[in-house]
Amino acid sequence: VQLQAFGGGLVQPGESLRISCTGSGGTFSDYVMGWFRRAPGQDREFVAAISRAGTRKSYEESVKGRFSISRDNAKNTMTLQMNNLKPEDTAVYYCAARMGVTGEVDTAAYRYRYWGQGTLVTVSS
């Protein structure tokens, strides 16, 4: 599956932004999916993950209550709604996918096989 992330941009602290990831070349609902990010000078880190049907979700502790992951398998799209953004959320955000079983979520980047090109989110006043 080929993934493409989009929707990044420059926002002020406290504002919201929605980024999305579209998939092509595979059956979207076959894939466990996730969002990861890499801030300047830092390692890639897990942000959120979602099961194949969207019934199970997992979030990194610092984004719980602020970020919401969702997917629409009919539209081959996964979305990350980010609210109350903070400067420390500034990073390149990557979507990722791998084949998985029903109900599975995965927070480990090394297990994901397919990656999008990333979209830059900058939170600054």
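If you walk across this open sheet you meet the four strands as β1-β3-β8-β7, and the pairing is antiparallel. The sheet is open, and its two edges are formed by β1 (2–6) and β7 (67–72), each paired on a single side. Adjacent strand axes in the sheet meet at a mean angle of 15° when their direction is disregarded. The pairing of strand β3 (residues 17–24) with strand β8 (residues 77–82) spans six bridges and is antiparallel. Directly across from Leu 17, in β8, lies its bridge partner Met 82.

Right, let's talk about the pattern of salt bridges for a bit. Here the structure, examined in full by the defined rule, presents eight salt bridges. Of the charged contacts, one joins Asp 89 and Arg 37 as a salt bridge, the two residues approaching to 3.0 Å between their closest N and O atoms. Of this pair, Asp 89 sits in the loop between β8 and β9 (91–99) while Arg 37 sits in strand β4 (residues 31–38), and the two are 52 residues apart along the sequence. No difference in accessibility class separates Asp 89 from Arg 37, as the two residues are buried. Of the charged contacts, one joins Arg 98 and Glu 104 as a salt bridge, the two residues approaching to 2.3 Å between their closest N and O atoms. Salt bridges sharing common partners tie together Arg 37, Glu 45, Arg 66 and Asp 89.

Calculation criteria
- Residues numbered from 1 in each chain as written.
- Predicted model: local features only at pLDDT ≥ 70, side-chain atom pairs only at ≥ 80, totals over all residues.
- Heavy atoms only, no water.
- Pairing = 2+ DSSP bridges.
- Helix = DSSP H or I, 4+ residues; strand = E, 2+ residues; numbered from the N terminus.
- Axes fitted to C-alpha atoms, helices over the stretch in contact; angles between N-to-C directions.
- Salt bridge = Lys/Arg side-chain N within 4 Å of Asp/Glu carboxyl O.
- Buried < 20%, exposed > 50% of the residue type's maximum accessible area, 1.4 Å probe, protein only.

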